[in-house]
Amino acid sequence: MSEGKLIIFSAPSGSGKTTLVRHLLSVMPDRLQFSISATSRAKRGTEEHGKDYLYLTLEEFKLKIKNGDFLEWEEVYPGTYYGTLKSEVERIWALGKNVIFDIDVQGGLNLKHYFKKQALAVFVMPPSIKILEERLNSRQTDSPESIALRVEKAEKELQTAKLFDCFILNEHLETACKEAERVVGDFLRK
Ligand code: 5GP
């Protein structure tokens, strides 16, 4: 099977990385395909199984860990697991496309470490922790406890931005989208 490239978008929850990834998928549909992660969390809002995530029970998730089915997995929040299945990357490469990931900071660094120059690791930076908290609140999809956890985690994650290949400041969405198109376009042309 011919191998493609990997584009990793990581950021604290609420930084807008999902929006940037969706934008890239809409402007480069022939070159990029989204890696659908597995998760043990419940579906949120309008999310769909097999589109946003593969929703597994905790038992199913743990069985896949045991079987070595994951390229990487993380207990992103206590009791809640997320992971990238090997079969997902193989599926996308078999289509002749490059894989794009929306993944937490530690998972992103793990994938970069594994794939090295074959991967571009992009950190999406929120303008500030305060704005991040406001965005999480206005999303109205998470409980106050979940938001508090995400903010606490974000403070630590911001310190890892320098370990990525590049970062994009997401203050104005339109500017951030253009910047994302530029860095990804340059990497795919190399
Ligand atoms: P959410 O619950 O908001 O969809 O995702 C929570 C966090 O888990 C986000 O930072 C998201 O990017 C991350 N995440 C999603 N899929 C994966 C994955 O496959 N592996 C890891 N390590 N994190 C993931």
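Residues numbered from 1 in each chain as written. Predicted model: local features only at pLDDT ≥ 70, side-chain atom pairs only at ≥ 80, totals over all residues. Heavy atoms only, no water.

Caption draft 1: A look at the overall build of the protein chain. Looking only at helices and strands, the protein chain has seven helices and nine strands in total. A compact globule built from 190 residues should have a C-alpha radius of gyration of about 16 Å, and the protein chain, at 16 Å, falls within 12% of that. With respect to the three principal axes, the spread of C-alpha positions in the protein chain is 45 × 40 × 30 Å. Put simply, the protein chain has 190 residues, and 50% of those count as buried. Taking the contacts inside the protein chain whose residues are at least 6 apart along the sequence as the reference set, 68% of them involve residues at least 24 apart. (Helix = DSSP H or I, 4+ residues; strand = E, 2+ residues; numbered from the N terminus. Rg over C-alpha atoms; globule rule 2.2 N^0.38 Å. Buried < 20%, exposed > 50% of the residue type's maximum accessible area, 1.4 Å probe, protein only. Contact = heavy atoms within 4.5 Å.)

Caption draft 2: Representation of the packing of aromatic side chains in the model. Applying the stated rule across the entire model yields eight aromatic pairs. Plain terms: the ring middles of Tyr 114 and Phe 115 are 4.8 Å apart, the flat faces sit at 80° to each other, and that makes the pair edge-to-face. Using a relative accessible area of 12% as the deciding quantity, one classes Phe 115 as buried. Pairing Phe 123 with Phe 164 gives two aromatic rings, centres 5.3 Å apart and planes at 65°, and the pair type is edge-to-face. Remark: Phe 164 occurs in the loop between α6 (144-157) and β9 (166-169) and Phe 123 occurs in strand β8 (residues 119-125); sequence separation between them is 41 residues. Note on Phe 123: relative accessible area 0%, which makes it buried. (Phe/Tyr/Trp six-rings, centres within 6.5 Å; stacked < 30°, edge-to-face > 60°.)

Caption draft 3: Looking closely at the side chain of Asp 104. Residue position: Asp 104 is located in the loop between β7 (98-103) and α4 (105-115). Take Asp 104: its relative accessible area is 14%, and that puts it in the buried class. At 2.9 Å, the side chain of Asp 104 and the backbone nitrogen of Gly 107 are in polar contact. Here the side chain of Asp 104 touches Lys 153 through a polar contact of 3.3 Å, side chain to side chain. In this structure, Asp 104 is in contact with Ser 10, Glu 74, Val 76, Lys 153 and Glu 157, ignoring residues within four places of it in sequence. (Polar contact = N/O pair within 3.5 Å; in protein donor to acceptor, adjacent residues only side chain to side chain.)

Caption draft 4: Local environment of the sheet that holds strand β2 (residues 32-34). Strand order in the open sheet formed by five strands is β2-β7-β1-β8-β9, and the pairing between neighbours is parallel. Either end of the sheet is taken by a strand with one partner, and the two such strands are β2 and β9. Ignoring strand direction, the axes of neighbouring strands in this sheet form an average angle of 25°. (Pairing = 2+ DSSP bridges. Axes fitted to C-alpha atoms, helices over the stretch in contact; angles between N-to-C directions.)

Caption draft 5: View of the pairing of β7. In terms of burial, β7 is a largely internal element, six of the six residues being buried. Burial along β7 is two-sided: Asn 98, Ile 100 and Asp 102 and Val 99, Phe 101 and Ile 103, pointing in opposite directions, are all buried. Sheet topology places strand β1 (residues 6-10) next to β7; five bridges connect them, and they run parallel. Residue pairing in the sheet places Leu 6 in a bridge with Val 99 of β7. Pairing between β2 and β7: three bridges, direction parallel. Residue pairing in the sheet places Gln 33 in a bridge with Val 99 of β7.

These figures come from the coordinates and say nothing about function on their own.
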